[in-house]
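# Secondary and tertiary structure notes
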Amino acid sequence: MPREDRATGRGRRQLRPGRSRGVAVALSTLALALAAAAPAVVAPAAAAAAEPQEPVIRVTAADVPVPVTPSGSATAVTWCPTGSVLLGGGVRASGINVTDPVPPINGLRAKGTFPSHADGTQINDQTGEIPEYWAGVGDFFGQPEDGARVSSFAVCVSGATLLGQLAVRAQLAIGPREAGIVQTTAACPGGTVAVSGGGLALSGSVAGLKTVSSFPSDAAGNPLPDGATDPRYWTAVVVGSGPAPANTRTMASVMCAKPADIDIRVVRKDGLGPQVSNGQVISTASCPADLALLGGGEHLQRGAGGAYAADAYVRGSYPSDPAGVPAGNGSTNPSSWSSLIAAGGSGGTGDQVTSTFALCADFDHDTSTSLATNTTSPLFGRPVELTASVLPALRTVGSPTGTVTFSDGTAPLATVALTAAGNAVFRTSGLQPGTHQITASYSGGPTFHPSSTAPTAITVGFSEPCLTTVHKSTLTVRPEQALCIGPGGQQKGAVNVEPGGALAVTGAEIVGTVSSSGASAFTLCQSSVSGGVTVQAGTGLVLIGSDHLPCAGNTIKGALNVTGNTGGVQIIGNTTGGSLTVKDNGGNGPDPENPVPAVTTNQVGGSLSCSGNTPTLRQTANTAHGSRSGQCK
C-alpha cells in the first residue's frame, strides 16, 4: 500500500535504496515470531546534506491500515535516515487520520512496539545485533471499523553523541496462557544504559491478550521515579483475560548504549486513566529544554483492588509535542513522549494510574577550566597575564568553543573568546593594590558544559613600603617604580611621576602639586591635595575617585587636568577649587559593563571642560561654578 503523505493526504510509495521491497499487508493473525507478517517498510524523508555538529534527533514514521475483520492485525516498520542511528521508537493506533484526536470506539489497540528486522520480526536473540528497524503492531479486539491504522515511529540520532554502538537485549517470559498478568524485565549489560525499550505479547491475534505497560524500571521491574538517572532495565506487562495458546510469550526489549560522559534522565508523569466509557487519556512527559528526547514508555497500573479494568488498553506510546500530538515523519528534536490510554464500552479505569516516561539525554560534554598567571605578586601598574585553559573530560570530542569570563571576586574583569586550542588570555595592569581573588569561568558551548576555577590569589604591591608618616621634600616616582602614600601619610612637597612609574595615594594628604606624565598607573582616593593635579599621557588606568571600585573622591584645592591618557579614566565624586579639564582620554575603564571614560558627581569650583574623549564620555551630576563646555555641557 502507498503510504499516506501526511502533509498532502496523497498516497505515495517510498522504498529504501539497497533494501528488499516492503509491502504493507494487513494480518489476520500474529504468529509467535511474526514471521508470517509482511509489514510496511516506509522510507523516511531524506537526510540533510550536512548534519550540524550538535546531535539531532529525527523521527521517521510509517502507517498501514488494519484489516477490517474482528481479528484484524497489522504491523508497520520504519527506519532511520542515512547517517543516523536508531535509538528506539513507538507505536500509535488511530482512526482515518493518525493525528485525529478522536479515537474510534471499536477496540483498536496498540499490540506492541519493538526493535525489529526489515520484515517486522522482533530481534530477541541477545547476540548483540544492532537493530536498524522499529516496528509497531495494532489489532482489533472488538467491532472493527474502516479507516483504522497503526503507525510506527523510529527515533534516530545523528551527530557526535558518543553513545557507542546501540544493541538490543530482550527477555521472554512464558504466558499469560489464561486470565492473569505476566511481567518480564530486560537488562542492559554493565557499563551501558537504556536509551529506549518496548514490549509485545506474542501469541497471534488473541483478543484477550493486551500489552498494558512498557517502561524503564529497576532490576525487580518497579517503574523508575521521576528524576532517576542512567536506567539499565526495561519492563513489559501483558494481561490475559482468558485462555491463550501454549506458545504465548511476553517480551520486553531494551536498547542499550555506552554512555561515555552522557547523562540520561527519566522524566515521569502520573495521572488517572480514562474515567468514562469509550474515553481516552493522553498523558505527556516532556524533557527539560536543555535535554534531548531519546525514547519513552507507559505504565497502566492496577487499580486499588489489584486488578486492571476489564477493557482498558493502550492505544499508543510515541514521540510527540508537549500537547501530545504525534511527531511527524521527518520532524526533528521532539520534546516529549505521550501515552494514549483508552477505555471500552463497559466503563472507565477508575483509580488506575497511568504513568508516562520520557528518557532525556544531556549530550553536552563535561569540561574543566584551569587558570595560570605569569605572577601572583605583581607591582602596582605592572601587567598581569592570566591564561585560562578549557579541556573536555573526553579528549576525543574536540576543543570547546565559547568564552571565558575573568572575575575579581564577583566583579567581572573581561570576557575573552577561546582560541582553537581551548585557551583564553587576558592581560591587565588595572588591578588596584591589595589581594584579589581571580577566577575564570567558561561559558559553555554548543556541546560543552560550563566550568570554572577555584579562586587564585593575586596580591598587587609596591617597590617599597607605603609612606604613612610625614615626608618633606619632593617625591619623585622613577620609571619602573611603584610607590604608595597610605592612610596617615603626609607628603609636604611636590609629587612627580615619571614615565613608566606608578603611584597610588589613599587616605593621605599632599601639601603641594601632583604631576604625572606617562604613568603606568595612577590612583588618587579619599585624599586631599593643596595644589593642582595634572595627569597626562598615562598608559594605565587613571582612577581619581570611582563608582565601581572602592575609591572615594578627593578634595583638590587647585585645578584638575586629565589629558591624553589611554588606559581608561574615572574621575568621580571629587571637589576641586579650580577648573576641571578632561581631554583626549580613551581606553577601557574598570567597569566592563560600561568601559568608557567617566566624569560624574564632581563639584567644580571653576570651569568644566570635556573634549575628545573616546569612547563617548559618561558624565552625569557634575556641578560647576564656571562655564561648561564640550562633552560635559
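To be clear, the structure that these remarks concern was listed above.
Report follows, based on the coordinates.

Each value, and the rule that gives it
Residues numbered from 1 in each chain as written. Predicted model: local features only at pLDDT ≥ 70, side-chain atom pairs only at ≥ 80, totals over all residues. Heavy atoms only, no water. 1 Å grid on protein atoms, 1.4 Å probe; cavity = no way out; pocket = protein on both sides within 12 Å on 5 of 7 lines; lining within 4 Å. Points joined across faces, edges and corners; volume = space filled by probe spheres on them. Helix = DSSP H or I, 4+ residues; strand = E, 2+ residues; numbered from the N terminus. Nonpolar A, V, L, I, M, F, W, Y, C, P; charged D, E, K, R; others polar. Contact = heavy atoms within 4.5 Å. Buried < 20%, exposed > 50% of the residue type's maximum accessible area, 1.4 Å probe, protein only. Pairing = 2+ DSSP bridges.

Attention shifts here to empty space enclosed by the protein. Tallied over the entire structure, the rule returns 5 cavities of 30 Å³ or more. Put simply, the largest cavity is a space of about 80 Å³. Listing elements by their share of the lining of the largest cavity, those giving two or more residues are strand S8 (108–116), strand S14 (209–217) and strand S20 (312–320). Per-class residue counts for the lining of the largest cavity are 3 nonpolar, 6 polar and 2 charged.

Here Ala187 lies in strand S12 (residues 180–187). As for Ala187 and Thr235, which are separated by 48 residues in sequence, their C-alpha atoms are 8.9 Å apart. Setting aside its immediate chain neighbours within four residues, Ala187 contacts Arg169, Arg232, Tyr233 and Val254.

This next bit is on the pairing of strand S33 (residues 482–485). Here S33 shows two buried faces, one formed by Ala482 and Cys484 and the other by Leu483 and Ile485. The pairing of S33 with strand S36 (residues 502–506) spans 4 bridges and is classified as parallel. Residue pairing across strands places Ile485 opposite Val505, the latter belonging to S36.

Turning to the pairing of strand S47 (residues 580–583), a few remarks are in order. Side-chain alternation along S47 places Leu580 and Val582 on a buried face and Thr581 and Lys583 on a face that remains uncovered. In terms of strand pairing, strand S44 (residues 560–563) meets S47 through 4 bridges, oriented parallel. Of the residues in S47, the one forming a bridge with Asn561 is Thr581. The sheet contact formed by S47 and strand S50 (residues 608–611) spans 4 bridges and is parallel. Residue Val582 lies in a different strand from S50, and its bridge partner there is Cys610.

The volume enclosed by the largest pocket comes to roughly 830 Å³. In this structure, the largest pocket is lined by 39 residues; those nearest its centre are Gly430, Leu431, Leu541, Leu549 and Pro590. For the lining of the largest pocket, a count of residues per class yields 22 nonpolar, 15 polar and 2 charged. Here the second largest pocket is characterised by a volume of approximately 280 Å³. In terms of lining residues, the second largest pocket is bounded by 15 residues, among which Glu54, Asp290, Leu291, Ala292 and Phe363 are the most central. Among the residues forming the lining of the second largest pocket, the class breakdown is 9 nonpolar, 2 polar and 4 charged.

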